[in-house]
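Examining the three-dimensional arrangement
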Amino acid sequence: MSSSDDDIPLVKGRANGVKSQDRIPKSVDKAMDKGRPSNGHVDPGVSIRMGPVEEMDVDTPVANGHVNGKRKARNSTTNGKSYKEASSSEDDDKPLSKRRRTLQAAKAHVESDSELSDEPLAHRPRPAVKKPPKATAAQIGESSDSDTPLGAKLAKEKAQIEKAAEKEAKAIRKEEKKAAGSKRRSKVNSDSEDDVPLAKKKKPAASAKKTNGVKDEDSDVPLSRKAQAPKKTKVKVEASAPAKKSNAKAKKEEETEQDREAEEEEEQYKWWEDPTKGDGTKKWTTLEHAGVVFPPDYEPLPSSVKMRYDGVPVSLHKDAEEVAGFYGSMLNSTHNVENPTFNKNFFEDFKKILDKTGHGKDKNGNTVKIEKFEKCDFKPIFEHFEAERTKKKAMSAAEKKALKAAKEDAEAPYMHCMWDGRKQKVGNFRVEPPGLFRGRGEHPKTGKVKQRVQPEQITINIGKEAKIPEPPEGHHWKEVKHDQEGTWLAMWQENINGAYKYVMLAANSDIKGQSDYKKFEKARELKKHIDRIREDYRRELKSEVMADRQRATAIYLIDQFALRAGNEKGEDEADTVGCCSLKYQHITLRPPNTVIFDFLGKDSIRFYDEVEVDQQVFKNLKIFKKPPKTTDDDIFDRLTTSALNKHLGSYMQGLTAKVFRTYNASWTMAKLLREMKSTGSIAEKVKDYNDANRKVAILCNHKRTVAAGHAGQIEKMEEKINGLRYQQWRVKQMMLDIDPKQKKKRGAEYFERPEDLDGEWVKEHQAALVEEQRQKIRKKFEKDNEKLVAEGQKEMKAKELEERLKVADELEKKFKHENKTGKVEAEGKGPTIEKMEANLEKLTQRIETMKVQKDDKDNNKEVALGTSKINYIDPRLTVVFSKKFNVPIERFFSKTLREKFDWAIQSVDEDWEF
DNA sequence: CGACTATACTCAGTCTGGAGGTC
DNA sequence: CGACCTCCAGACTGAGTATAGTC
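Position labels on residues start from 1 in each chain and follow its written sequence. Just so you know, chain letters begin at A and ligand numbers begin at 1, following the order they were written in. Thresholds applied to this predicted model are a pLDDT of at least 70 for local features of residues and 80 or more for the giving and counting of side-chain atom pairs; totals over whole chains, interfaces and linings are not thresholded and use all residues. Side-chain metrics rest on all non-hydrogen atoms present in the structure, leaving aside hydrogens and water.

1. Brief notes about the packing of aromatic side chains
- Pairing of aromatic side chains requires ring centres within 6.5 Å, counting the rings of Phe and Tyr and the six-membered ring of Trp. Pairs whose planes differ by under 30 degrees are stacked, by over 60 edge-to-face, and all others tilted. Tallied over the entire structure, the rule returns 32 aromatic pairs.
- Aromatic side chains Tyr327 and Phe373 sit 5.7 Å apart centroid to centroid with 85° between the ring planes, which places their arrangement in the edge-to-face category. With a gap of 46 residues between them, Tyr327 in helix H12 (residues 318-328) and Phe373 in the loop between strand E6 (367-368) and strand E7 (376-377) connect regions that are remote in the sequence. Phe373 shares its class with Tyr327; the two are buried.
- Through a chain of ring-to-ring contacts, the aromatic side chains of Tyr327, Phe342, Phe346, Phe347, Phe350, Phe373 and Phe378 assemble into a single cluster.
- Seen from the ring of Tyr584, Lys625 lies directly overhead, with NZ or CZ sitting 4.2 Å from the centre.
- Each ring is checked for a lysine NZ or an arginine CZ that lies within 6 Å of its centre and within 35 degrees of its normal; such an atom marks a charge sitting over the ring. The ring centre of Tyr750 lies 4.4 Å from the NZ or CZ of Lys732, which sits over that ring. By the criteria applied, helices consist of DSSP H or I runs no shorter than four residues and strands consist of E runs no shorter than two, each listed in order from the N terminus. Any residue under 20% of the maximum accessible area for its type is buried, any over 50% is exposed, and the rest in between are partly exposed; the area is computed with a 1.4 Å probe on protein chains only.

Put into structure tokens, the structure is as follows:
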């Protein structure tokens, strides 16, 4: 078969990158099947050596570089054709016996492939997954069944997850136990807030809602009329006449009353039941809003606070000083301040400002030229900001509250807008303040100065009829638009990356709800097509056309492992990848069919996973990594995200790579919730839910940074456990003290101290216990003294303290004695073997629960549940679960989430299915 | 190019668990 | 002695933010 380059559009070539040839010669497939070395060369990048190679890592990039140097050089100068010739001739050279083997291997593949595609496609098990050395990569779902080779490992992970859940359960049990008592109070509190219809709420925040209720009255009024609804005027008054605040406030109160009643009787507007909603591109008919809130102007530092250059305090122009302040205020953020790129970028921009505004002046007015970053000392500025911060922190609660209230008052007009006559919350109405850009990961632009956004940069989007928000005095907007196809209220471009920033509505707004709803409906629709899609990509995994085979392989990865699409990225962005942008070094192949992913994904979060894949996929990846490709070459060099998405779109309107993530996440959650038993306390059910949530989070690789004190916390818990184990040993020794015959009865081993609690540890532990007791006694002594003084009595003398401290001395002595004699005297009155056994049992229990808690905590340290809950799990699943198992929705959704998912909460009953 | 979703981080505020105290 | 209360540091949560993706 002759391949023609013409019938395959060149998709993604890199300037001097390496590209796969368009067609995949049969011989290559065969060679891959068999893993035959070409000409006896060891070629780790492509083939598998014959013989006992299975355990070997076939394509360590490093090894490739070495072993393969020569071939690479040759191949890189030739094109795909030579590759084909080479491999086919190699193939033909083979002795017959080898050929036969090739055939068998190929046959085996066919069989396994057909087996796979015959399988009921609906949600067949995920390929088994192996735990990464670090972190989270349990794959979820059916793959955890132990019929897969790696099932055991998965089961282990599952167990860990379960353990994690137990902690929650425990907490809940406790809570329920307490429920009768003090707990009730807080429960009632939250109930009154959570369960009572909004109209009943008295909090000021609720008033917004209530007003909303009023608007809702006219929700059945034709849109055009709504625009003219009288409420509109009211908003205008509020927005433009802050002077009348007190008046307005009184009015508000009044309204609140009415609203309350209104809301009780009035149906709120349910867009999800409105057939006219959500189709077409026109997003609104009328739109009114107050624009944006600018950050406060820069306040120059007090004249006593100056940065130092080469030890000399220098006065800067206020613009330069502001930039110095950006840096100075974050000296405690070592992560940034110790990053050379950050410092370099900052200093470049800082110098630019200095060149513009003039350099610093010393106290005599002489110019100080700032040229070396190393000579800059921002500490005085840092200390100034720190002092401010502590001052702020030290403010009384009342002061803080007043400050907050004032801010809220000032911002009130911007908080909401009128969207087709309904009051809607605005999301980010505050213009981002200037500062230093904090790109994530190794972002080449991190540390650059993010400039203050001027009104002249801001475009306003608003209804034609509406009053245009006033720009700040002496300024004007860049532009005022009336784009009804946009959902944004204001927009500007940021100076670092030229990215567009939008002011949009809050997550609980109708428009966002609608698109959220659509997103999940789209994912549900994918259910209808998924079988066909999977069938197709399985077939195309063997396509002779390189582009198709790559596409099929990519879809496989996206479907199975929830990878992101992976758009191309520029030079001036952090070097992160998704599926289509995976590079040679991000995938390691380990025969027979394990793929190891290790790359930085979105936000430079590491994706590490060892997974077993379809034989054909394994083979394909081998082909895609074949030399001359090497480090930094694209694996999918014939594929782009747009080609991929275009293809997906042919299956279903609007189907793109990201839909698979939503689909798989929600589908997994649905399955897990379906399997859940309805028994147990509320707390246990919540824990079960969170476990399922956790699995989805792991699937999506949602991580969080490990909390600063985590290691310490774990260590503390370990020490506590060890303390208990030591105590356990002591109790056993007490048994011997009571009845020496026990040694024979139970065997000497029973009384041995655990090995890890060696002599040194014991001494340290004992010392710690003694010291702890001393501290306690001292503290108590001081406190008692304070009390005495407060009561006007004399405080106790130091002698009393010494007296009291004797208890600790006793303890110390006791330990010493124990160490010396190797015996422990039985404690407690009337000690018996039975009592000791009971003690032992108690200790064992405590140790067990602590261990569970510890493991749970450790396993959970870098899994973030929130992201999947907010973005991937269809909220209706949660609502169904809540209804079916009778757990209040508040246990799953916070107040804001309940608002965001109102459409879900109100629209489903317990029979709903994803 | 532009507009939208998705993401982790930050910080303030809330909650918890354990120690000590009281009855 | 144990049931319960109080206090407080430290852990955890939630809302907000701005960055990083997708299409």
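So, next bit.
2. Regarding the sheet that holds strand E13 (residues 479-481)
- Strand pairing requires that DSSP identify at least two bridges connecting the strands. Across the sheet, 4 strands lie side by side as E13-E12-E14-E15; this open sheet has mixed pairing. The open sheet has two edge strands with one neighbour each: E13 and strand E15 (500-503). Between one strand axis and the next, the sheet turns by 20° as a mean value, whatever way the strands run.
- Of the strand pairs in this sheet, strand E14 (residues 490-493) and E15 are connected by 4 bridges, and their pairing is antiparallel. Helix axes are fitted only over the stretch in contact, all axes being lines through C-alpha atoms; the angle between N-to-C directions runs from 0 to 180 degrees.

3. Focus: the protein's contact with DNA strand C
- Near is defined per residue: the residue qualifies when any heavy atom it owns lies within 4 Å of the molecule or strand. Residues in close proximity to DNA strand C total 28 residues, the closest being Lys501, Lys569, Thr576, Thr656 and Thr896.
- A breakdown of the atoms of DNA strand C within 4 Å of the protein gives sugar and phosphate a share of 84%.
- Separating a phosphate oxygen of DNA strand C from a backbone N or O atom of Ala565 is a distance of 3.4 Å.
- With respect to DNA strand C, the side chain of Thr656 contributes an N or O atom lying 2.7 Å from a phosphate oxygen.
- Each residue gets one of three labels, nonpolar for Ala, Val, Leu, Ile, Met, Phe, Trp, Tyr, Cys and Pro, charged for Asp, Glu, Lys and Arg, and polar for the others, Gly among them. Of the residues contributing to the surface near DNA strand C, the split by class is 4 nonpolar, 11 polar and 13 charged. Polar contacts, as counted here, are pairs of nitrogen or oxygen atoms within 3.5 Å of one another; within protein the pair requires one atom able to donate a hydrogen and one able to accept it, and residues that are adjacent in sequence qualify only if both atoms are side-chain atoms.

4. A word on the protein's contact with DNA strand B
- Surrounding DNA strand B, one finds 30 residues, the nearest of these being Tyr500, Lys512, Thr705, Lys776 and Tyr872.
- Lys519 places a side-chain nitrogen or oxygen 2.8 Å from a phosphate oxygen of DNA strand B.
- For the surface near DNA strand B, the elements supplying multiple residues, two or more each, are E15, helix H17 (510-540), helix H21 (657-674), helix H25 (759-790) and helix H28 (866-871).

5. Some words on a positive patch on the surface
- Patches here: salt-bridge-free residues with over 30% relative accessible area, like charges joined within 9 Å, nonpolar side chains (Val, Leu, Ile, Met, Phe, Trp, Tyr) joined within 5 Å. Per-residue and other accessible areas follow the Shrake-Rupley method at a 1.4 Å probe size, with only the shown protein chains counted as cover for residues. Criterion for a salt bridge: a side-chain nitrogen of Lys or Arg within 4 Å of a carboxyl oxygen of Asp or Glu. Only four residue types enter the tally: Lys and Arg on the positive side, Asp and Glu on the negative side, with His and both chain ends excluded. The location of each charge is read from NZ of Lys, CZ of Arg, CG of Asp or CD of Glu. Judged by side-chain charge, Lys527, Lys528, Arg674 and Lys884 come together as a positively charged surface patch.
- Position of Lys884 relative to the elements: it lies in helix H29 (residues 875-884).
- By relative accessible area, Lys884 is classed as partly exposed at 40%.

6. Regarding the sheet that holds E7
- With antiparallel pairing, the 3 strands of this open sheet are ordered in space as E4-E3-E7. Both edges of this open sheet fall to strand E4 (312-314) and E7, since each of them pairs with a single strand only.
- As paired strands, strand E3 (residues 307-309) and E4 are joined by 3 bridges and run antiparallel to one another. Note that in E4 the partner of Arg308 across the bridge is Pro313.

7. Some points on the UniProt feature "active site" (unreviewed entry) in chain A
- Per the UniProt record, "active site" (unreviewed entry) is annotated on Tyr872.
- Tracing the chain through its elements places Tyr872 in the loop between H28 and H29.
- Contacts: residue pairs with any heavy atoms within 4.5 Å of one another. If we ignore the near neighbours within four places in the chain, the residues touching Tyr872 are Phe520, Arg661, Thr662, Ala665, Ser666, Cys700, His702 and Thr867.
- Polar contacts involving the side chain of Tyr872 include one to the side chain of Arg661, which spans 2.9 Å. UniProt positions are given in the numbering used here, feature names are shortened, and annotations may be inferred rather than shown by experiment.

8. So, the pairing of E14
- The pairing of strand E12 (residues 459-461) with E14 spans 2 bridges and is classified as antiparallel. Pairing of Ile460 across the sheet is with Ala490, part of E14.
- Counted along the chain from E14 to the antiparallel partner E15, the turn is 6 residues long, and its residue Gly498 has a positive phi close to 70°.

9. A closer look at the nonpolar core
- Ranked by internal contacts, the top residues of the largest apolar core, which has 81 residues, are Leu557, Leu563, Phe597 and Phe636.
- With 10 residues, the top contributor of residues to this core is H21.
- What marks off one domain from the next here is an automatic or database domain assignment. When we break this core down by domain, the ones giving at least three residues each are domain 1 (5-120 + 543-655) and domain 2 (157-195 + 504-525 + 659-700 + 872-914).
- Non-local contacts of Phe597, meaning those with residues more than four positions away in its chain, are made with Leu557, Phe561, Leu563, Leu582, His586, Ile587, Phe607, Tyr608, Asp609 and Val611. Buried residues of nine kinds, namely Ala, Val, Leu, Ile, Met, Phe, Trp, Tyr and Cys, make up a nonpolar core once their side-chain atoms join them within 4.5 Å.

10. Digging into a negative patch on the surface
- Together, Glu715, Glu719, Asp758, Glu760 and Glu764 make up a region of like negative charge exposed at the surface.
- Contributing elements (two or more residues each) for the negative patch: helix H23 (710-738) and H25.
- As for its position among the elements, Glu764 is in helix H25.

11. Regarding the environment of Arg876
- Here Arg876 lies in helix H29.
- Along the sequence, Arg876 and Trp903 sit 27 residues apart, while their C-alpha atoms lie 8.7 Å from each other.
- In this structure, Arg876 is in contact with Tyr517, Phe520, Glu521, Arg524, Trp903, Ala904, Ser907, Val908 and Trp912, ignoring residues within four places of it in sequence.
- Of note is the side chain of Arg876, whose polar atom sits 2.7 Å from the side chain of Asp874.

12. A closer look at the side chain of Arg549
- Inspection of the secondary structure assignment puts Arg549 in helix H18 (residues 546-561).
- In this structure Arg549 comes out as buried when scored by relative accessible area, which is 0%.
- There is a polar contact of 2.8 Å between the side chain of Arg549 and the backbone oxygen of Ser543.

13. Here we look at the packing of H23 against H25
- Close contact between H23 and H25 brings their axes to 11 Å; oriented N to C, the two are set at 100°. When the axes of H23 and H25 are compared, the pair comes out roughly perpendicular. Judged by residue contacts, Glu719, Asn722, Gly723 and Tyr726 of H23 engage Trp761, Val762, His765 and Gln766 from H25.
- Here the contact of H23 with H25 is composed, by residue class, of 3 nonpolar, 4 polar and 1 charged. If an angle is under 35 degrees, it is roughly parallel; if it is over 145, roughly antiparallel; if it lies from 65 to 115, roughly perpendicular; otherwise it is oblique.

14. Quick notes on the packing of H17 against H21
- Where H17 contacts H21, the two axes come as close as 9 Å, and the packing angle between them is 95°. As far as their axial angle goes, H21 and H17 are roughly perpendicular. Contact residues: Lys519, Phe520, Lys522, Ala523, Leu526, Lys527, Ile530, Ile533 and Arg534 in H17; Lys658, Val659, Phe660, Thr662, Tyr663, Asn664 and Ser666 in H21.
- Among the residues making up the contact of H17 with H21, the classes are represented as 8 nonpolar, 3 polar and 5 charged.

15. Looking at unusual backbone geometry
- That bond from Pro591 to Pro592 is cis: its omega, 5°, falls within 30 degrees of zero.
- Counting through the fold element by element, Pro592 comes out in the loop between strand E16 (587-590) and strand E17 (594-600).
- Residue Pro628 follows Pro627 across a cis peptide bond; omega there is 10°.
- Position of Pro628 among the secondary structure elements: in the loop between helix H19 (615-624) and helix H20 (641-649).
- At Asp310, a residue that is not glycine, the phi angle is positive and equals roughly 55°.

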